[in-house]
Structures are given as C-alpha cells and as structure tokens.
Amino acid sequence: MTFVPHGKHLIAGAWIASGEKFSSSPAHGPSHVFSVGTTDLVDRACEAAEDAFWTYSNTTRSERAAFLNAIADEIDARAAQITEIGTQETGLPAARLDGERGRTVGQLRLFAQHIENGDYLDRRHDAALPDRQPVPRPEITMMQRPIGPVAVFGASNFPLAFSVAGGDTAAALAAGCPVVVKGHSAHPGTGEIVAEAIHAAIERTGMPKGVFSLIQGGDRAVGQAVVQHPLIKAVGFTGSLAGGRALFDLCAARSEPIPFFGELGSVNPMFMMPKAVAARADELGQGWAGSLTMGAGQFCTNPGIAVVIDGGDADRFVKSAATALEGIAAQTMLTDGIAKAFCNGRDRVQGDGSVRRVYVADSADRDAGPALFETTGSEFLANPALHEEVFGPLGLVVRVASLAEMETLARGLQGQLTVTLHMDDADADAAQTLFPVLERKAGRLLANGFPTGVEVVDSMVHGGPYPASTNFGATSVGTLSIRRFLRPVAYQNMPAALLPRDAAV
C-alpha cells in the first residue's frame, strides 16, 4: 500500500498540524503538503522530552533494548512504503534505500545488544579503606548517566541512517535520553513514516510519549530555537560546515553551553604511494572513479582528492580515472539546492587559474555529471579554497614533486573524516614516514580501499579533527557514539538504596 503523508508534526504522542504549510519537492512522483515547524512546537516538544526524561532515564537496559528493537521491527514492517516514498523524494535508487534501511535497523539492534551487556557504562568501584593512614579512604562508585533531552537534526544525504531514527537518535535513546528531531525538508515524507514507526514502538513498549518528537520544516529561527532551548542538553548534527558552525556557535553562546556533536565536512584525501601507482595505476583510477561517483558523490566520506607523485604513472592514473568517469552518466541529486551548489562549486574550481580541467560532464537541472581536475602540490597548498569540500561527484588530483612534498601537503591539511593510503609492500618505508602525520588528521585511516561506506560496528570512528567534526573525541557511528549522551557521575559513600540500579560492577 502506498504511504500518503498527513503532513503533521509528532509532539509527545500527538500528531499536530500548524498553520503555515510547505510542499515537498520530490525527484519524481507526487508532491505532498506538510506543516511548517514553529518555535511554539519546539517549546512543547522540549518540555515533553524533559518530563519524559525522569521516567525514561531510569528504565532498565533491557527495557530500552526492547524499545530499540521495537523501533527496528516497526521500520521493517513499513519497508516497502519507506523505499517508495524515499526514492521519490530523494531520487536515490531503491537498492540504496533498502540498504540504508538495513543499516538503520541493524544499528538499532546493535545498540540494543550493546547496552544489554552494560560495558558502555564504564562502571568503576573503589572499596573503602577505613584503616588507611593518615586518613581513611571513602567508598567510591562511578558510572555513566544520561545527560537529558537531545536535539537531532536530520541529514539531507541519508534519509534513514542519519535522520529521524538514524545514528544520533539511536545513540541518544540507547543512552536513556529523550530526543527531539528537527526533520530535513528534503525528505519530509520519509521522516514522517519513520516517526510513525517510532510512535508505534513507543505505544507497543509503554515508553513515555515525550521520549520522541518530530518537528518538520521551519525556517532558521526554528533550528535556533531547538539548540537554544534551555531543556536541550546536547545536539547531534550532520550537514554543511556553514550551517553546523552557526549552530555550534549558538550552543557555545548559551548561558549554559552544551555539547554540539556536528559532522561538518571532509574532502577525504587519498595518498597514492609510488610503487602502488606504478603497479596498478589503471585499477586505482577506475576504483577512484567508482567511489567518487557513488550515490552522485553525496557521501560525507567521498574521496575528493588524490595526491600522487607527478610523472608517467600519475598520467596513467589520471587517464584511467577520466576514462572511467566518461562512462558514468549524470545522476539525480538529493535536492535542487544541492544540485545547484554542486554546479557552483564545480564552476568555482574550474575557474581557478591554478587548476587544469581534465574532464567535466554536463549537468542539467537536478542531474549532476562527474568532474575531474588537477593541480600541483604547491598551488594546492597556496590556495585554501581548493581544500573545501564540493558536495558531489568532483575529484581533484594533486600532483606533487616528491614524497617530501607529499608529507608537506599532508601537514597542511585540515581535519578529515578519513584518509586513505594506497600502497604496496615496497611502499612500507615511505608510508611509515607519512603515517604519523595522517594519523593526526583523521578519525579513520584506510589502506588500499575507498572510504565510501561506513561499517556500523563497535570499532568504527566516524568523526575527526575540526572541521570534519566539532568534537574530535567522539564518533557518530558505532557503539562508542552512545557515550556522547552520557556523563560520568561518582557516588561517594552512597547507600545502596540510592545508587542507580546499574551501579553494581
């Protein structure tokens, strides 16, 4: 059955309309009308979340795990409808939406399993030493406790995995924190049906209704109201550097500053070691082209820059990538605005006097064709504009004169989500020299792979030094992400009756 959105907000268990409306702009299929968010709805959602916190934060780990699994069940029960409206709104293929839904429910189930075992609480206990001299030592128990209501901003490029029930929401709920989601206007129908799944899980498991709210649309004032609301204790965000930095500054400027966990931007450079390029330049060029254009390049881990030592092997690498890109058709982008921004970024790079055009495909309306450029290491280092992310299928080859210049370039990079080393065994000594520099630049380092695709596992880090993210000690993917919404509390000589139920080590 086709899902037809009703276009309302979900506020503490009630579907609520507001006076102002907006229409969705799907890549294909029907447009739908949605209510626009207001600051009053923000206030109601945050107050409901605070009220729910007193109950929800004290649920058992098993109860929260059952809730997360119930959300996963309800999302799976709407699988066909989610894929249908998701493909219409975003232009993403059905296989991509099916895979993203699988990742989303898998993440919910992983988090449920993780909190059941209790390790994330990092419980510690030091027994009292009443006979210690010169003074006795008290008994101290420490554990992680939920921080309070969390605001989450849905991402444009992942309508499921980084949106209404995505990683930030799942992590906050796993930690014991209610969530207020500001939905993304690029896919409001997808957001609504996922909110319906969460609402059904709340009713099925008897959770407090204020544990989750969804506010659709709204202008900048609505987003500002969310991050500045005094009852919100942390924010999760995936989006642009400009938008994320503005919200980050608002969080810091509050009378009570709160953490802003933002994933903002990354060019995800690849360093092509000389022996690897000599041995497999054609293969590497083709592989890069495939990764660069996956999902129209609309991944935060899109490898936008390849650093290679100039010469004949570099020529073969560039030619292979260009040939592969020539065979890749233009793809539909997520929104008209994203398509326009890609074309503007491409034209900015193309108009830079230090850059040479290798291959540029036509782009029209919402469809974006791939583009490939090259420059020198010295020109790249001298031009900060070339370090900026162009969100879409655009690659920049940076030709350096030597391994020493490659290291100099690496030292000049900003923080990244990922850095990749393409190397053979014979490159080990050179890579070993470069590696300590790269390790300081990114949250995830890869060897002989492409960074598009982020595994949802215990060991994953999806974050990095600024501007890749605003908190280099955190990740937005993997079970460690739950720790963002917890804080350590020490209990000294506390009677057992007053300790949290999970305090026992």
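Residues numbered from 1 in each chain as written. Predicted model: local features only at pLDDT ≥ 70, side-chain atom pairs only at ≥ 80, totals over all residues. Heavy atoms only, no water.

K.L.:
Would you mind going over the packing of helix α7 (residues 220-228) against helix α8 (residues 241-253) with me for this structure?
P.N.:
Their axes nearest at 9 Å, the elements α7 and α8 cross at an angle of 40°. It follows that α7 is oblique to α8 by the angle criterion. Between α7 and α8 lies a crossing of right-handed hand. Taking contact as the criterion, the partners of Gly-223, Gln-224, Val-227 and Gln-228 in α7 are, on α8, Leu-247, Leu-250 and Cys-251. Counted by class, the contact of α7 with α8 contains four nonpolar, three polar and no charged residues. (Axes fitted to C-alpha atoms, helices over the stretch in contact; angles between N-to-C directions. Helix = DSSP H or I, 4+ residues; strand = E, 2+ residues; numbered from the N terminus. Parallel < 35°, antiparallel > 145°, perpendicular 65-115°, else oblique. Left-handed = near helix turned anticlockwise from the far one by under 90°. Contact = heavy atoms within 4.5 Å. Nonpolar A, V, L, I, M, F, W, Y, C, P; charged D, E, K, R; others polar.)

K.L.:
What's the story with the packing of aromatic side chains in this structure? I'm lost.
P.N.:
What describes a pair of aromatic rings is the distance from one ring centre to the other and the angle between the planes of the rings. Going through the model one piece at a time under the given rule, you end up with 10 aromatic pairs. Ring geometry for Tyr-56 and Phe-67: centres 6.1 Å apart, planes at 80°, overall edge-to-face. Residue Tyr-56 is found in helix α1 (residues 39-56), and its partner Phe-67 is found in helix α2 (residues 61-77); the two are separated by 11 residues along the sequence. Using a relative accessible area of 0% as the deciding quantity, one classes Tyr-56 as buried. Taken together, a centroid distance of 5.6 Å and an interplanar angle of 15° make the contact between Trp-288 and Phe-317 stacked. In this pair, Trp-288 is assigned in helix α9 (residues 274-293) and Phe-317 in helix α10 (residues 312-326), connecting sequence segments 29 residues apart. In terms of burial, Trp-288 and Phe-317 fall into one category: buried. An aromatic cluster of at least three residues, connected via ring pairs, comprises Phe-153, Phe-237, Phe-248 and Phe-260. When the ring centre of Phe-158 is taken as origin, the NZ or CZ atom of Arg-96, which lies over that ring, is 4.7 Å away. Here the guanidinium or amino end of Arg-103 rests over the ring plane of Phe-158, the centre of that ring lying 5.7 Å away. (Phe/Tyr/Trp six-rings, centres within 6.5 Å; stacked < 30°, edge-to-face > 60°. Buried < 20%, exposed > 50% of the residue type's maximum accessible area, 1.4 Å probe, protein only. Lys NZ or Arg CZ within 6 Å of the ring centre and 35° of its normal.)

K.L.:
Hey, could you run me through the pattern of salt bridges in this one?
P.N.:
A pair can form between side chains of opposite charge whenever their charged atoms are brought close. The tally for this structure, following the rule as stated, stands at 23 salt bridges. Across the pair Asp-122 and Arg-124 runs a salt bridge, and its minimum N-O distance is 3.0 Å. Judged by its relative accessible area of 48%, Arg-124 falls in the partly exposed class. In this structure, Asp-249 and Arg-245 form a salt bridge, with 2.8 Å as the shortest nitrogen-oxygen distance. Taken as a pair, Asp-249 and Arg-245 lie in helix α8 at a separation of four residues, close to a single helical turn. (Salt bridge = Lys/Arg side-chain N within 4 Å of Asp/Glu carboxyl O.)

K.L.:
Would you mind going over the nonpolar core with me for this structure?
P.N.:
A general feature of soluble globular proteins is that nonpolar side chains tend to end up buried together. Residues Phe-67, Ile-75, Val-194, Phe-212, Phe-271, Ile-482 and Phe-485 are the most contacted members of the largest nonpolar core, which totals 103 residues. If near-sequence neighbours (up to four positions away) are discounted, Phe-485 is found in contact with Arg-145, Pro-146, Ile-147, Val-150, Asp-168, Ala-171, Ala-172, Ala-175, Cys-177, Ala-234 and Phe-261. Counting residues in each nonpolar core, the second largest holds 24 residues, with Ile-232, Leu-247, Phe-260 and Leu-264 among its members. (Core = buried A, V, L, I, M, F, W, Y, C linked by side-chain atoms within 4.5 Å.)

K.L.:
Just to check I follow, could you spell out the side chain of Glu-50 for this structure?
P.N.:
Structurally, Glu-50 is set in helix α1. Comment: no salt bridge for buried Glu-50; closest opposite-charge side chain is Lys-233, at 6.3 Å. Once residues within four sequence positions are removed from consideration, Glu-50 is found in contact with Pro-149 and Leu-231. (Lys, Arg positive; Asp, Glu negative; His and termini not counted.)

K.L.:
Looking at this model, I keep getting lost on empty space enclosed by the protein. Mind explaining?
P.N.:
The probe, sized like a water molecule, is rolled over the atoms to show the empty space still left. Inspection of every chain in the model, using the stated rule, returns five cavities of 30 Å³ or more. Considering only enclosed or pocket space, the largest cavity measures out at about 170 Å³ in volume. If you trace the largest cavity, you find 18 residues lining it, with Val-267, Glu-388, Glu-389, Val-390 and Leu-394 closest to the centre. Where the lining of the largest cavity is concerned, the elements lending two or more residues are α11 (336-350) and β18 (394-400). In terms of residue class, the lining of the largest cavity is built from 10 nonpolar, five polar and three charged. (1 Å grid on protein atoms, 1.4 Å probe; cavity = no way out; pocket = protein on both sides within 12 Å on 5 of 7 lines; lining within 4 Å. Points joined across faces, edges and corners; volume = space filled by probe spheres on them.)

Without other data, these values stay purely geometric and don't point to any function.
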